Amino acid sequence: MTEKRKILVVYLVTAIFVLLNTYLIYKEIYLGLLIPVIGIMALLYIFSLDKILLLAVFVTPLAIDIGDYDLGASISVPSEPLLIGILFFMVLKVLLEGGIERRIMRHPISIAILFNLAWMLITAITSDLPLVSFKYLLARLWFIVPVYLGGLMLFRQKTNIRAFIWAYVSALIIVVFYTTWVHMGYNFSEKAGHWVMWPFYNDHTAYGVILALFVPVMLGMAVDSSVSSKQRLLAAVAEGILLIALFLSYSRAAWVSVGVALLVFVLVKLRIRFQWIALASVVMVVVFFLFRFEFIDKLEKNKQDASANFIEHVQSISNISSDASNLERINRWNSALRMFAERPVFGWGPGTYQFEYAPFQRANEKTIISTDLGDMGNAHSEYIGPLAESGVPGLISVLFILVTVIYTGLNVYKKAVSNQTRILSLSITLALITYFTHGTMNNFLNTDKASVPFWGLVAILTALDLYYAAGEKDVTRD
């Protein structure tokens, strides 16, 4: 096509667009104004999928769940529609280009994720509510495929790792400013701290887990001497903002998770081997179960409820005698364990806990926030929930991901050639440890708010191991 014809086509398309929108506006129909946006998005999906992924990451903290309004189904807008589009184009790309690199699929983290998805598929087939389970599995796919696999393609250029992190954190800071402004209107009270982040996050636990997740990441970026002082200063400011927001979130689980990450950091600096840390963790779990009745008897003597006072609020973490939030978690966990006892291998099906747990509640375990219909959400655990929904193999698949992620992170930290890769791998490992810790008390991987940063950070660790541990050059497809 000659230059003259190209110009003619541009004028023709522009004229058609103007005439069409003039007519539609005359008829009070304004959807035509979205045509350029749709066109640009379509071109980006085809030619620059990496930019769409970064856009999806940026809008995730700002996305709003409209499931309770017009659609009759839960969907977070605009993040999830963007991720669904990425899933579609990535599947198409894989089919046209002949599969995914073997070294990606053979990586221990990828194998662990595939095992988890495969068993989820099996238990969706055997599910008590197959439609619910397949919807749950599909939602998991549109988080993992775009963010984990798409991330591994994106992170072939190391600068994209920081771009991914900043895309989420910059939007998160906008939410922090909004939340703090609203919270200030209620004198930063503890009760208001539970909901002031709405509509961007459902409650302070969902908000707190993300703040805790990025505290180690921003700290690592702030002390990385391989980048400019301006970038380190920005990261330090972001770290300060996140720490203040974490304190004001009144999320006890988030506070504990940061404490656990700090403990692991000390153990790493003392060069305690991973095997010993893993063994100590297993011993602690075994000791807890052997002496669980003694521990529970001790905890039941704690009468401290949640409070605006920091010390008292921390003390309330172990209150299982009068704290409604803690007692309701125990109610959900016990219900999940009873569900597991009835179906120990295949479970009740992914995503079915909230529809099945009501009959498994006990009257003496219910709290003031329990419901007879059992319609108040999930099992409040990334480990007990899968146990009830997918049986023992489901729990094993989750623990497999946990172990491979932490082992990979510490291994990259140990063998990395550059200080930049060492700092990045350690800070991201500690960040994911905050989530794994928080996962004992809550579960959010069925939401875009947690899944996008979680699987993104997991992808960064995998990319560091595959591409950068031995050197710093950007990687092109073999």
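Bear in mind that the values here come from a model prediction, so they are computed numbers and not experimental data.

Rules used in this analysis
Residues numbered from 1 in each chain as written. Predicted model: local features only at pLDDT ≥ 70, side-chain atom pairs only at ≥ 80, totals over all residues. Heavy atoms only, no water. Buried < 20%, exposed > 50% of the residue type's maximum accessible area, 1.4 Å probe, protein only. Helix = DSSP H or I, 4+ residues; strand = E, 2+ residues; numbered from the N terminus. Contact = heavy atoms within 4.5 Å. Patch = residues over 30% accessible without salt bridge, like charges linked within 9 Å, V, L, I, M, F, W, Y side chains within 5 Å. Areas by Shrake-Rupley, 256 points an atom, 1.4 Å probe, with all protein chains shown as cover. Salt bridge = Lys/Arg side-chain N within 4 Å of Asp/Glu carboxyl O. Core = buried A, V, L, I, M, F, W, Y, C linked by side-chain atoms within 4.5 Å. Axes fitted to C-alpha atoms, helices over the stretch in contact; angles between N-to-C directions. Parallel < 35°, antiparallel > 145°, perpendicular 65-115°, else oblique. Left-handed = near helix turned anticlockwise from the far one by under 90°. Nonpolar A, V, L, I, M, F, W, Y, C, P; charged D, E, K, R; others polar. Phe/Tyr/Trp six-rings, centres within 6.5 Å; stacked < 30°, edge-to-face > 60°. Lys NZ or Arg CZ within 6 Å of the ring centre and 35° of its normal.

## Some points on helix H3 (residues 49-59)
Point 1. The set of residues buried in H3 consists of Leu 49, Ile 52, Leu 53, Ala 56, Val 57 and Val 59.
Point 2. Next to the buried residues of H3 lie helix H2 (35-47), helix H4 (79-97), helix H7 (130-154), helix H8 (159-184) and helix H19 (448-468).

## Section: a nonpolar patch on the surface
Point 1. Among the surface-exposed residues, Leu 262, Phe 265, Val 266, Leu 270, Ile 272, Trp 276, Leu 279, Val 283 and Val 287 lie close enough to one another that they form a single nonpolar patch of about 820 Å² accessible area.
Point 2. Taken together, the elements giving at least two residues each to the nonpolar patch come down to helix H11 (252-269) and helix H12 (274-290).
Point 3. It is H12 that provides the largest number of residues to the nonpolar patch, a total of 4 residues.
Point 4. Relative to the helices and strands, Phe 265 resides in helix H11.
Point 5. Under the relative-accessibility criterion, Phe 265 is labelled partly exposed at 32%.

## Some points on the nonpolar core
Point 1. Formed by 106 residues in total, the largest nonpolar core has its most connected members in Ile 165, Tyr 201, Phe 214 and Trp 455.
Point 2. Considering each element in turn, this core owes the most residues, 14 residues, to H19.
Point 3. When residues no more than four places from it in sequence are discounted, the contact partners of Tyr 201 are Pro 61, Tyr 168, Leu 172, Val 175, Ala 206, Tyr 207, Ile 210 and Lys 449.
Point 4. Residues Met 339, Trp 348, Tyr 353 and Tyr 357 belong to the second largest nonpolar core, which totals 9 residues.

## Points about the pattern of salt bridges
Point 1. A complete count under the given rule lists 7 salt bridges for this structure.
Point 2. Residue Asp 128 pairs with Arg 343 through a salt bridge whose shortest N-O separation is 3.2 Å. Here Asp 128, found in the loop between helix H6 (108-125) and H7, pairs with Arg 343, found in the loop between helix H15 (324-342) and helix H16 (353-356); they are 215 residues apart in sequence, far enough to count as distant.
Point 3. As a salt-bridge pair, Lys 415 and Asp 465 come within 2.8 Å of each other at their nearest N and O atoms. Taken as a pair, Lys 415 in helix H17 (residues 384-415) and Asp 465 in helix H19 lie far apart in primary sequence, 50 residues in all.
Point 4. Residue Asp 465 is classed as buried on the basis of its relative accessible area of 19%.
Point 5. Via salt bridges that share partners, Glu 101, Arg 103 and Arg 156 belong to a single interconnected network.

## A closer look at the packing of H8 against helix H9 (residues 204-222)
Point 1. Taken N-terminus to C-terminus, the directions of H8 and H9 make an angle of 130°; their axes are 11 Å apart at the nearest point. Accordingly, the angle class assigned to the pair H8 and H9 is oblique. Judged by the sense of rotation from one axis to the other, the crossing of H8 with H9 is left-handed. The residues of H9 that touch H8, namely those facing Arg 162, Ile 165, Trp 166, Tyr 168, Val 169, Leu 172, Val 175, Val 176 and Thr 179, are Tyr 207, Ile 210, Leu 211, Phe 214, Val 217, Met 218 and Met 221.
Point 2. Residue classes in the contact of H8 with H9 are distributed as 14 nonpolar, 1 polar and 1 charged.

## Brief notes about the environment of Leu 402
Point 1. Position of Leu 402 relative to the elements: it lies in helix H17.
Point 2. C-alpha of Leu 402 to C-alpha of Ile 433: the two residues are 31 residues apart in sequence and 8.7 Å apart in space.
Point 3. In this structure Leu 402 touches Tyr 383 and Phe 436, once residues within four positions along its chain are discounted.

## Overview of the environment of Val 223
Point 1. Topologically, Val 223 is positioned in the loop between H9 and helix H10 (229-248).
Point 2. Along the primary structure Val 223 and Leu 233 are separated by 10 residues, whereas in three dimensions their C-alpha atoms are 9.3 Å apart.
Point 3. Residues contacting Val 223, with those up to four places away along its chain left out, are Arg 232 and Ile 423.

## Some words on unusual backbone geometry
Point 1. The step from Val 77 to Pro 78 runs through a cis peptide bond, and the omega angle for that step is 5°.
Point 2. Topologically, Pro 78 is positioned in the loop between strand E2 (76-77) and H4.
Point 3. Of note, the amide linkage connecting Trp 198 to Pro 199 takes the cis form, showing an omega dihedral of 15°.
Point 4. Among the secondary structure elements, Pro 199 is positioned in the loop between H8 and H9.
Point 5. The backbone phi angle of Phe 188 is positive, close to 55°, even though this residue is not glycine.
Point 6. Inspection of the secondary structure puts Phe 188 in the loop between H8 and H9.
Point 7. Among the residues examined, Phe 188 registers a relative accessible area of 28% and is labelled partly exposed.
Point 8. One non-glycine residue with positive phi stands out, namely Arg 271, at about 65°.
Point 9. With respect to the secondary-structure elements, Arg 271 resides in the loop between H11 and H12.

## With respect to the packing of aromatic side chains
Point 1. Summed over the entire model, instances satisfying the criterion amount to 17 aromatic pairs.
Point 2. An angle of 75° between the planes, with centres 5.4 Å apart, marks the rings of Trp 348 and Phe 360 as edge-to-face. Of this pair, Trp 348 sits in the loop between H15 and H16 while Phe 360 is found in the loop between H16 and H17, placing the two residues 12 residues apart along the sequence.
Point 3. With a relative accessible area of 11%, Phe 360 lands in the buried category.
Point 4. With 5.8 Å between their ring centres and 85° between their planes, Phe 436 and Phe 454 make a pair best called edge-to-face. You can see Phe 436 sitting in helix H18 (residues 419-438) and its partner Phe 454 sitting in helix H19, a full 18 residues away along the chain. For the residue pair Phe 436 and Phe 454, the accessibility class agrees, reading buried in each case.
Point 5. Pairwise contacts between aromatic rings join Tyr 435, Phe 436, Phe 454 and Trp 455 into one cluster.
Point 6. Against the face of Trp 348 rests Arg 343, its NZ or CZ located 3.8 Å from the ring centre.
Point 7. Geometry around Tyr 413 places Arg 422 over its ring, the cationic atom sitting 4.3 Å from the centre.

## Quick look at the packing of H8 against H10
Point 1. Taken N-terminus to C-terminus, the directions of H8 and H10 make an angle of 45°; their axes are 10 Å apart at the nearest point. It follows that H8 is oblique to H10 by the angle criterion. For H8 against H10, the interelement crossing comes out left-handed. Side by side, H8 and H10 meet where Arg 162, Trp 166, Val 169, Leu 172, Ile 173, Val 176, Phe 177, Thr 180 and His 183 of the first sit next to Gln 231, Leu 234, Ala 235, Ala 238, Ile 241, Leu 242, Ala 245 and Leu 248 of the second.

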